Number of protein chains: 2
Amino acid sequence: MPLGERHGGDKSESRYCGIETEFDDDMPNLLSYNVHGGFDFILATLMDPNYRPSLLDNDTSRSRALPFAGSDLVLSPSQWSSHVVGKISSWIDLDSEDETLREDSEITLKQEIAWASHLSLQACLLPTPKGSSCANYARCLNQIFQNLGGMQLWLRIPLVKSEDDTEAKNPDCMGEGKVDSWELWNSFRLLCEHHSQLSVALDLLSSLPSASSVARWFGEPIRAAIINTNSFLTNAKGYPCLSKRHQRLATAFFDHSVQIVISGRSVHKVPVGTSESHVDNQIEGWRHPLKSYLDYVAFLYQKMDPLPEQERFELGYRDYLQSPLQPLMDNLEAQTYEIFEKDTCKYSQYQRAVAKALVDRVPDEDASRVTTVLMVVGAGRGPLVRASLQAAEETDRKLKIYAVEKNPNAVVTLHSLIKLEGWEGIVTIVSSDMRSWDAPEKADILVSELLGSFGDNELSPECLDGAQRFLKEDGISIPSSYTSFVQPVTACKLYNDIKSHKDLVHFETAYVVKLHRVARLAHTQPVFTFTHPDHSPTASNQRYKKLQFDIPEDTGAALIHGFAGYFDATLYKDVHLGIEPSTCTPNMFSWFPIFFPLRTPVCVQPGSPLEVHFWRCCGSTKVWYEWCVTSPSASPLHNTNGRSYWVGL
Amino acid sequence: MPLGERHGGDKSESRYCGIETEFDDDMPNLLSYNVHGGFDFILATLMDPNYRPSLLDNDTSRSRALPFAGSDLVLSPSQWSSHVVGKISSWIDLDSEDETLREDSEITLKQEIAWASHLSLQACLLPTPKGSSCANYARCLNQIFQNLGGMQLWLRIPLVKSEDDTEAKNPDCMGEGKVDSWELWNSFRLLCEHHSQLSVALDLLSSLPSASSVARWFGEPIRAAIINTNSFLTNAKGYPCLSKRHQRLATAFFDHSVQIVISGRSVHKVPVGTSESHVDNQIEGWRHPLKSYLDYVAFLYQKMDPLPEQERFELGYRDYLQSPLQPLMDNLEAQTYEIFEKDTCKYSQYQRAVAKALVDRVPDEDASRVTTVLMVVGAGRGPLVRASLQAAEETDRKLKIYAVEKNPNAVVTLHSLIKLEGWEGIVTIVSSDMRSWDAPEKADILVSELLGSFGDNELSPECLDGAQRFLKEDGISIPSSYTSFVQPVTACKLYNDIKSHKDLVHFETAYVVKLHRVARLAHTQPVFTFTHPDHSPTASNQRYKKLQFDIPEDTGAALIHGFAGYFDATLYKDVHLGIEPSTCTPNMFSWFPIFFPLRTPVCVQPGSPLEVHFWRCCGSTKVWYEWCVTSPSASPLHNTNGRSYWVGL
């Protein structure tokens, strides 16, 4: 039974809660007991924990069945696949110094995975690697992955990181006793080459590492969070509850489709008959011993704020890679205009900017006399024309507008809009590319919305270079400047999606993507800035920027899969618009961030800086970015000469 | 004129010596002056050093020719390509903070390379990156490589590494002032993805870094060593000479086809008329001012020991990757037998081992009475039969030999050999696979030569497991044991050859290769050992070994492209045979080392250990190795389930 039903048809995995169980030969009873007790699935040991291949008599082993819990027939196929996650024997130790134990472990692991596959389980939980070495464990898994069906393997990892790095205080014991379970996970998944069927089940202990260290995990493929009953506190009424930090973490897990699993024995004596909710079980006079923990998790789930309308709309876009638009080469479709025109926040910012510019341009005393010439370059189906006219009305200024648009399909709509709104005397439609249009007069104000997720990536600089020919010497461009920003991120999901193409091109392409399962590892830094108009004779749209990111020390080591990119634009004076996280315009949905991948993820150790280079290169027919990392170690140059990804002029 | 002519038709590049020149508009004169002076080629600046693109008047720049030294017509095409290496303007600084200088540098670099390509020069010398940053320089080169013909680009790198790492003594100034030019080269070539047209020209200064630090460079693509006249010492007669260490290094360069280039002004006043050699120039009454340096280099070249016969024979195999034999699945060809049978050192070791075993087995008093049953398993065309018979003769023991061979073609030769030698009464030929042969009696001694470069890699263990059925309980196997060894190496050439296939399979294959242009970074360590006979009931031929290599601290950082593998076999008691470098059998040529590549080279920082894992895995139809690195960072598992490389049973 799901934890709850959130607004808008909750389809998230995280509404299910599981329970970790002990080995039990009677699987049907084990399952019905826990499902009846309110849990959605069980983490069940499949094989008798006393089994060791090396203890078997060689003669009998051939005829004897393996000591699995029951046969495949004891549950229905849908029960196996919907309600059971296999728990691989926890005694296995594939990197033991003891060769017999190692070989027993390998045989058992392969037998249990084969059995779980036979049962069509959705997932198996793999025990935490013992010690810090995991090469042989990873080797066996690689062999297993080669013939595994669709089953997921969840590697169990405790969420621990020793905080108090003693390096600075005592150089003699440098590195000693330092534990960071993320590093174990990282080695494991590198050995398994980010295999898409390998994911993480995090064990939540009673104390949590620092916030930035925990944040790393949100770029990883976490499938489950296992909370031991020992990690719960006790509230005033004697019920289990979680610390504030645990609560926040649980909520973040819910938001990332991570399922909770309760583990351990009941350590809270809940007074019988005082539970307010779930009367149904009370009537039957029986409560699952861990029911109060489950109730608390359900309570946390249900008290989450509902997703804002916009977030709900964007759910389907989360972590979904899109190729950036080619607005110069391709014409937008009606549908695309339709969506972008709905972004009222964006246009109200434009209206504010135009209003301020009009007032600056024309003093109140001249308002009735002077007509300002405003050109909307890239007018589309007219939203900026409308915003400009509203600004004129608001400020009582007189306006003459040229609406320049290169897409003939949009021009059709513009004509009918003007007729409909009665703007015939004010607005002149120009069906032309702004770069080649021969304007009959010069403009006071040039308004455009040519920005991409990374600011200049849809070639606003090149277009406005062409358009500023018909801007008066002292004319105003709205936007007057824009800057791109990047930050390093862990983004396992995106990396795997790119890798699945098995080519270079996809690793050298920047994608537009609604980032969700990512860990942002450092604050953003500005990359390229463009200012309009730019009358300097040597102006160039080529750019080069070297950036150094210092990841907070308490994060620990981190893996960089690429860079999240954003922009911020100054429309006019203090009116800005953008998606840079710390300053972003609220409720605007026209832009998702951009993502620049790395062909090989770069691991950064704590205290060691990350040095990154971005270039904006211009050719006669295209513009492109190149990028690379030079520290802690040099990556290849990405996208040389725009061989994989470019924007056509 | 070459430095000399070494024994056996010297085809090496290194017999040519060049000279670095100043910019000169008169290219024909510059060339003839230096060629006349005895040098084979000139390093010549192509463009006027005063040229800066940003200083040009925009109007005139279109019509004006670039200030190159002369036109393409001033030299013949063969003069350009045989005697001129272009020297890119040394003022260029692509990573300067000064944007104008950076842009001037990029334009000039591209213009000069384009000009050099137009002239079909074989190579251009690129100036050393200024400062420690080189990302923009590397980016430009990547762009250039995309459209470059066959020209090589030599990146000039001074051979320097500050030796006295002060870290231990003074932790406050850790890392400060540390210079290791190899690291600069390493970043550069990682950014250029080991481009095969990017190589190194090393500047030799008057002091040299430690031997192990210099040794790293022999795994790199060094094309030239530039020796400034300042780096020469003065001998008792006033002539220039080099220090012992410089001499050894120069000799090593000659041996690695690295050309010497003399640079700088004459700083040795050689008494006129006292030079004994090269009378020709004296007669003309003119000597090139740097002639005495050239003479000294020629002297060093000529006094090198001639290559041993075997090395000369193997010249063509240097750094040439061969797939290992599949001796069980394929039958060897007559030619292959022919070559291996010539390895007399190997067979004399076998003879010694058999002799010792015979004496141990049969005391002198029984020698005339007892006949020892000896089986040669894998007899081929009979060399081990012959060695065994010689051992019997030498020790006066009586022998009965079974020669077991699965290759029917070799059996034909065996029959004729026995008739020819009159061995009919002693040798019985068995045309069968030793693993399935039903022997009529049991053997005292089992002799085999089934070893591959990595010992067990041609499945000697599996074959001898089958053969030991017909060895007496107390019988002797020759070899009685063998062990494989590995060591980490830098091997740019091999890496590039593997990479050129653009697939995974070649990166997960072990190759037999005569290693030459490699840097061995640590001592070898043993990997797998097999002992014969092995009567233990649980014996398995699967193996797992974890190794930790500590690269000497004074090496500096190093890049590992893979692992060189060897074997050593104990034939009997103290008689061994092998190719492990520190103990190898002299003058044996049957085996080249084996090379296990890494898909991504691993960079190891000084003081940080390299942890490596090797597995030998056995299936029902094949045997294979898997391998990985786990420290300093985890590599992918290589060759999972033998997907790329395996040996058939």
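If you look chain A up in an unreviewed UniProt entry, it shows as Protein arginine N-methyltransferase from Perilla frutescens var. hirtella. Taken from UniProt, the Subcellular location (unreviewed entry) comment for chain A reads in full: "Cytoplasm". Within the UniProt record for chain A, the comment given under Sequence similarities (unreviewed entry) is "Belongs to the class I-like SAM-binding methyltransferase superfamily."

Visitor: Could you clarify how one ought to interpret the relation of the copies chain B and chain A in this entry?
Guide: Both copies of the chain are placed relative to one another by a rotation about an axis and a shift along it. Structural alignment of chain B on chain A gives an RMSD of 0.1 Å, achieved by rotating through 180 degrees and translating 0.0 Å along the axis. The transformation just described matches what one would write down for a two-fold rotation axis.

Visitor: Honestly, the interface of chain B and chain A in this entry has me stumped. Any pointers?
Guide: How big an interface is tends to be expressed through the accessible area that disappears when the partners come together. Listed as interface residues are 33 residues of chain B and, on the opposing side, 33 residues of chain A. Of the roughly 2700 Å² buried where chain B meets chain A, counting both sides, 53% is carbon and sulfur surface. The interface formed by chain B and chain A holds four salt bridges in total. In this structure, B:Glu193 engages A:Arg643 in a salt bridge whose closest nitrogen and oxygen atoms are separated by 3.8 Å. Counting only elements with at least two residues in the side of chain B that touches chain A, the list comes to helix 5 (135-145), helix 6 (181-191), strand 20 (543-549), strand 24 (610-618) and strand 25 (622-631) of chain B. Among the elements that make up the side of chain B that touches chain A, the one with the highest residue count is helix 5 of chain B (six residues).

Visitor: Looking at this structure, how should I read the environment of A:Leu249?
Guide: All names here are of chain A. Mapped onto the elements, Leu-249 comes out in helix 8 (residues 244-255). Using a relative accessible area of 7% as the deciding quantity, one classes Leu-249 as buried. The sequence separation of Leu-249 and Ala-510 amounts to 261 residues, and the corresponding C-alpha distance is 31 Å. Ignoring sequence-local partners within four residues, the contact set of Leu-249 consists of Leu-159, Leu-204, Leu-208, Val-214 and Phe-218.

Visitor: I tried to follow the nonpolar core on my own but got confused; where do I start?
Guide: Considering soluble globular proteins, one finds that nonpolar side chains tend to be buried as a cluster. The biggest cluster of nonpolar side chains holds 103 residues, and the ones touching the most others in it are A:Ile478 and A:Phe563. For this core, the leading source of residues is strand 21 (residues 558-572) of chain A, giving nine residues. Listed in part, the 102 residues of the second largest apolar core include B:Leu414, B:Leu450, B:Ala519 and B:Val647.

Visitor: What is the right way to read a nonpolar patch on the surface from this model?
Guide: On the surface, B:Phe313, B:Tyr317 and B:Tyr320 cluster together to form a nonpolar patch covering roughly 330 Å² of accessible area. Looking at the element boundaries, B:Tyr317 is found in the loop between helix 11 (309-314) and helix 12 (334-341).

Visitor: Mind showing me how you'd approach the sheet that holds strand 26 (residues 647-648) of chain B here?
Guide: Either a parallel or an antiparallel arrangement is found when strands of a sheet pair, and the pairing is made through backbone hydrogen bonds. What the four strands build is an open sheet, ordered 20-24-25-26 (chain B); its pairing is antiparallel. Pairing within the sheet leaves two strands with one partner each, and these edge strands are strand 20 and strand 26 of chain B. Pairing analysis gives eight bridges linking strand 24 of chain B to strand 25 of chain B, with the strands arranged antiparallel. Pairing of B:His613 across the sheet is with B:Cys628, part of strand 25 of chain B. With respect to the sheet, helix 5 (residues 135-145) of chain A is in contact with strand 20, strand 24 and strand 25 of chain B, its orientation differing from that of strand 24 of chain B by roughly 45 degrees.

Visitor: Explain the packing of aromatic side chains here, please?
Guide: Any two aromatic rings considered together are summarised by their centre-to-centre distance and by the angle between their planes. This structure, assessed with the given rule, holds 52 aromatic pairs over all chains. Look at A:Trp437 and A:Phe470: their rings are 4.9 Å apart centre to centre, the planes differ by 75 degrees, and that puts the pair in the edge-to-face class. Placement of the pair is A:Trp437 in the loop between strand 13 (427-431) and strand 14 (443-448) and A:Phe470 in the loop between helix 16 (460-467) and strand 15 (471-478), with a sequence separation of 33 residues. For A:Phe470, a relative accessible area of 3% puts it in the buried group. Ring geometry for B:Phe232 against B:Tyr296: centres 6.2 Å apart, planes inclined by 80 degrees, an arrangement best described as edge-to-face. Of the two residues, B:Phe232 is situated in the loop between strand 7 (222-228) and strand 8 (233-234) and B:Tyr296 in helix 10 (residues 291-302); the sequence distance between them amounts to 64 residues. Taken together, the ring pairs connect A:Phe454, A:Phe528, A:Phe563, A:Phe596, A:Phe614, A:Tyr625 and A:Trp627 into an aromatic cluster. Its end group placed over the ring of A:Trp91, A:Arg52 keeps NZ or CZ at 3.7 Å from the ring centre.

Visitor: Is there a simple way to think about the side chain of B:Ser590 in this case?
Guide: All names here are of chain B. Positionally, Ser-590 belongs in the loop between strand 22 (575-578) and strand 23 (594-604). Of the polar contacts made by the side chain of Ser-590, one reaches the side chain of Asp-343; its length is 2.5 Å. If we ignore the near neighbours within four places in the chain, the residues touching Ser-590 are Phe-340, Asp-343 and Lys-346.

Visitor: Would you mind showing me how to read the pattern of salt bridges here?
Guide: A side chain of one charge can pair with a side chain of the opposite charge if their charged atoms are brought near each other. Tallied over the entire structure, the rule returns 66 salt bridges over all chains. As a salt-bridge pair, A:Glu311 and A:Lys514 come within 3.0 Å of each other at their nearest N and O atoms. Here the residue A:Glu311 occupies a position in helix 11 (residues 309-314), and A:Lys514 occupies one in the loop between strand 17 (511-512) and strand 18 (519-520), the gap between them amounting to 203 residues. With relative accessibility at 24%, the residue A:Glu311 sits in the partly exposed group. One salt bridge connects B:Lys472 with B:Asp444, and the closest N-O pair in it is separated by 2.9 Å. Highlighted residues: B:Lys472 in strand 15 (residues 471-478) and B:Asp444 in strand 14 (residues 443-448), separated in sequence by 28 residues. Residue B:Lys472 is classed as partly exposed on the basis of its relative accessible area of 30%. On the basis of relative accessible area, B:Asp444 is assigned to the buried category, the value being 7%. Through salt bridges that share partners, A:Asp255, A:Glu311, A:Glu314, A:Arg318 and A:Lys514 make up one connected network.

Visitor: How should unusual backbone geometry be read in this particular structure?
Guide: Most peptide bonds are trans, and most residues other than glycine sit at a negative phi. Backbone torsion omega between A:Ile478 and A:Pro479 reads 5 degrees, so that peptide bond is classified as cis. Take A:Pro479: it is sitting in the loop between strand 15 and strand 16 (481-490). A cis amide bond links B:His532 to the next residue, B:Pro533, at an omega of -10 degrees. With respect to the secondary-structure elements, B:Pro533 resides in the loop between strand 19 (525-531) and strand 20. The phi torsion at A:Ser257 lies on the positive side, around 60 degrees, for a residue other than glycine.

Visitor: What is the right way to read the sheet that holds strand 25 (residues 622-631) of chain A from this model?
Guide: Residue and element names in this part refer to chain A. Here we have four strands laid out as an open sheet, ordered 20-24-25-26, and antiparallel in their pairing. In the strand order of this sheet, the two ends are held by strand 20 (543-549) and strand 26 (647-648), each with one partner. Both strand 20 and strand 24 (residues 610-618) contribute to a ladder of seven bridges, which runs antiparallel. Within strand 24, the position partnered with Phe-549 by the bridge is Leu-610.

Here is what the cut-offs are and how they apply
Residues numbered from 1 in each chain as written. Chains lettered and ligands numbered in written order. Predicted model: local features only at pLDDT ≥ 70, side-chain atom pairs only at ≥ 80, totals over all residues. Heavy atoms only, no water. UniProt positions renumbered as here; feature names shortened; annotations may be inferred. Least-squares fit on C-alpha atoms with pLDDT ≥ 70 in both. Contact = heavy atoms within 4.5 Å. Buried area = accessible area lost by both parts, 1.4 Å probe. Salt bridge = Lys/Arg side-chain N within 4 Å of Asp/Glu carboxyl O. Helix = DSSP H or I, 4+ residues; strand = E, 2+ residues; numbered from the N terminus. Buried < 20%, exposed > 50% of the residue type's maximum accessible area, 1.4 Å probe, protein only. Core = buried A, V, L, I, M, F, W, Y, C linked by side-chain atoms within 4.5 Å. Patch = residues over 30% accessible without salt bridge, like charges linked within 9 Å, V, L, I, M, F, W, Y side chains within 5 Å. Areas by Shrake-Rupley, 256 points an atom, 1.4 Å probe, with all protein chains shown as cover. Pairing = 2+ DSSP bridges. Axes fitted to C-alpha atoms, helices over the stretch in contact; angles between N-to-C directions. Phe/Tyr/Trp six-rings, centres within 6.5 Å; stacked < 30°, edge-to-face > 60°. Lys NZ or Arg CZ within 6 Å of the ring centre and 35° of its normal. Polar contact = N/O pair within 3.5 Å; in protein donor to acceptor, adjacent residues only side chain to side chain.

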